[in-house]
Amino acid sequence: MSGNSTLKNIVKVSLSNLCIVISGVFVGFLIPKVLGVEEYGYYKIFTLYATYIGIFSFGISEGVYLKYSGIEYSRLNKQKIRCFTKLIFYIQIAVLAVIILFSLFFLNGEYKYIFIALSIYLVELNMTAYYQYVAQMTLRFNDYSMRNIVKSMLTVVSVVLMVCIYYINSKQLLSYKWYLTFVLIISTVLYVLYLRKFCDITFGNAEKGTIFTYEIKEVIRIGMPFLIASMCSTLILNIDRQFVSIYFDTKTYGVYSFAYNMLSLVTVCTSAISTVIYPVLKKTSECKIKEIYPSLVSYMVCFIFLSLNAYFPLSIFVKWFLPQYTYSLEIFRIVFPGLAFSSVISVVMQNYYKLMNKNHLFFFKNVLVLGISIAANFIAYYWFKTPEAISYASVVTLIIYYLLAESYFRNKFAVKWHKNFLYCICMTAGFYIISRLNNLYVSFLLYLTIYLLSLFIFHRGVVKKVIYILFRKIKRL
């Protein structure tokens, strides 16, 4: 694929992700306002457990993605793909039934409602994720981007309706169940849209027989290590929230989760690159892949530490608009720099492990880091019993994760990793020190100055390259 095509795909996905960012602003700041801390906490418990339901694809979606990535949609064996589609759908229906029965007989109160909602959401989310994988692996980024835009528009409409209900009820705080209903409606609409778009790989005759049984086993064999590694990564990134949800009350968890809600406004931007990068790199020569690895890491960390400037205006806004969530700013301040390490892992390293067919190795490293993460968070809670201590433990874990994940590339590519890692540590320390200052305006200017100086010291070449590319694009216009 040409560089221009790659850039167009990134731009398409970035624009759709910009819509998600806009809708994320609505959800991130208006929903906490109309729900209140406790009800918002229940909603975030739903979203926490929703991050785990991808495990019920059992590696089929991931295996199809890895096996057929880079093949044009018109060249896919539709009968074969239909069988995968139907198989994963039947599995989701079976899991839905099990979760509903479990909820009815073994759960009480809010958790019963939350898990019944999760069982419905599971079918829609996993089937939508499957179709998204199909769109990505066949480079149909228009389809993927349009669905993101539709989702964003519907989300904005749902938030506006929530705000209207809030004011109609004389600013009485609303139940999280209102917004959860909107979330389920939106996921249903997206699922139906994908069904219509990909009806030719959903309905009709499907391939059967011994040969296809072998295909299923092969897809699961390829996809399961990647799925489990991804779920371990999710657990590593979520483990602090899991500890807070278990050991603290719902209000504390709601405030803690709000910090991550603000963090997600940045992660949506990085996911645009992650979506495009694997199918594109799969068509790239190994020599070229090796050559661009350090640059990809440099671009990512430079972007993340630039985004840390958002902490200061966000702090001012939250103190004014959502004063009941002010405590979350301390959590946000602690975990924000950790995003540099987690973004490099999820956007760059994870895709490279897939390219090198080292999913098993990535899985074992994730299991090791997951053990370290659980131990670190437990020690932090046992010794200090504060959410802040758990946050610091999660950042330390991410640094260890980064070093372990990159060790393979140090040996495989002989990359010069010290500069990027030292840059991350210096900028993290600088941010922690500067963000402790009482005057947020001075802190903002001071951090921005240090960021620009650090770019000149560590990443002069990256800056020159970006300026050169932008200059060429402007000249063409």
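Quick caveat, the model's predicted, so the values are computed rather than measured.

Q: Hey, could you go over the packing of helix H11 (residues 328-335) against helix H14 (residues 387-412) for me, with residue numbers and the actual values?
A: Where H11 contacts H14, the axes come no closer than 9 Å and their chain directions differ by 15°. For the element pair H11 / H14, the angle class is roughly parallel. Between H11 and H14 lies a crossing whose hand is right-handed. Side by side, H11 and H14 meet where Glu330, Ile331, Arg333, Ile334 and Val335 of the first sit next to Pro387, Glu388, Ser391, Tyr392, Ser394 and Val395 of the second. When grouped by side-chain class, the residues that make up the contact of H11 with H14 number six nonpolar, two polar and three charged.

Q: With reference to specific residues and values, describe the confidence of the model for the protein chain.
A: Detailed reading of predicted coordinates is not advised where the pLDDT is low. The pLDDT averaged across the protein chain works out to 85; a share of 88% of its residues lies at or above 70. Within the protein chain, no element has a lower average pLDDT than helix H17 (residues 460-476), which sits at 66, and none a higher one than H11, at 94. The low-confidence segment residues 1-7 (pLDDT under 50) makes ten contacts with residues lying over four places distant or belonging to another chain.

Q: Account for the side chain of Asn420, naming residues and giving values.
A: Relative to the helices and strands, Asn420 is located in helix H15 (residues 418-434). Within the structure, the side chain of Asn420 is placed 3.4 Å from the side chain of His459, a separation counted as a polar contact. Among residues more than four places away in sequence, those in contact with Asn420 are Pro294, Val297, Ser298, Val301, Tyr402 and His459.

Q: For the packing of aromatic side chains, give the residues involved together with the corresponding values.
A: To describe a pair of aromatic rings, you give the distance between the ring centres and the angle between the ring planes. This structure, assessed with the given rule, holds 54 aromatic pairs. Each ring, one from Phe378 and one from Tyr382, has its centre 6.1 Å from the other, and the planes form 15°; the classification is stacked. With a gap of four residues between them, Phe378 and Tyr382 both fall in helix H13 (residues 359-384), about one helical turn apart. What makes Phe378 partly exposed here is its relative accessible area of 42%. Ring pairing ties together the aromatic residues Phe29, Tyr40, Tyr43, Tyr179, Phe258, Phe317, Trp320, Phe321 and Tyr325, which thus form one cluster.

Q: Report on helix H6 (residues 176-197), specifying residues and quantitative values.
A: With 22 residues, H6 extends 32 Å between its outermost C-alpha atoms, agreeing within 8% with the 32 Å of an ideal straight helix rising 1.5 Å per residue. Taken as a whole, H6 has its buried residues at Tyr176, Tyr179, Leu180, Phe182, Val183, Leu184, Ile186, Ser187, Leu190, Tyr191, Tyr194 and Leu195.

Q: Let's hear about the pattern of salt bridges: which residues, and what values?
A: Within the structure shown, the criterion is met by five salt bridges. We note a salt bridge from Glu330 to Arg333, for which the minimum N-O separation is 3.2 Å. Placement of the pair is Glu330 and Arg333 together in helix H11, with a separation of three residues, close to one helical turn. You can call Glu330 partly exposed: its relative accessible area is 22%. By relative accessible area, which is 3% here, Arg333 ends up buried. Measuring nitrogen to oxygen at the nearest pair gives 3.8 Å for the salt bridge that ties Glu330 to Arg436. With a gap of 106 residues between them, Glu330 in helix H11 and Arg436 in the loop between H15 and helix H16 (440-458) connect regions that are remote in the sequence. Among the residues examined, Arg436 registers a relative accessible area of 54% and is labelled exposed.

Q: Tell me what's going on with the packing of helix H2 (residues 60-68) against helix H4 (residues 109-137), and back it up with residues and numbers.
A: Interaxial distance between H2 and H4 falls to 9 Å at its minimum, and their mutual angle equals 5°. By the criterion of interaxial angle, the relationship of H2 to H4 is roughly parallel. Where H2 abuts H4, its residues Ser61, Glu62, Val64, Tyr65 and Tyr68 lie against Tyr130, Tyr133, Gln136 and Met137. Taken together, the residues of the contact of H2 with H4 sort by class into six nonpolar, two polar and one charged.

About the criteria used
Residues numbered from 1 in each chain as written. Predicted model: local features only at pLDDT ≥ 70, side-chain atom pairs only at ≥ 80, totals over all residues. Heavy atoms only, no water. Axes fitted to C-alpha atoms, helices over the stretch in contact; angles between N-to-C directions. Helix = DSSP H or I, 4+ residues; strand = E, 2+ residues; numbered from the N terminus. Parallel < 35°, antiparallel > 145°, perpendicular 65-115°, else oblique. Left-handed = near helix turned anticlockwise from the far one by under 90°. Contact = heavy atoms within 4.5 Å. Nonpolar A, V, L, I, M, F, W, Y, C, P; charged D, E, K, R; others polar. pLDDT = per-residue confidence, 0-100. Polar contact = N/O pair within 3.5 Å; in protein donor to acceptor, adjacent residues only side chain to side chain. Phe/Tyr/Trp six-rings, centres within 6.5 Å; stacked < 30°, edge-to-face > 60°. Buried < 20%, exposed > 50% of the residue type's maximum accessible area, 1.4 Å probe, protein only. Expected span 1.5 Å × (residues − 1). Salt bridge = Lys/Arg side-chain N within 4 Å of Asp/Glu carboxyl O.

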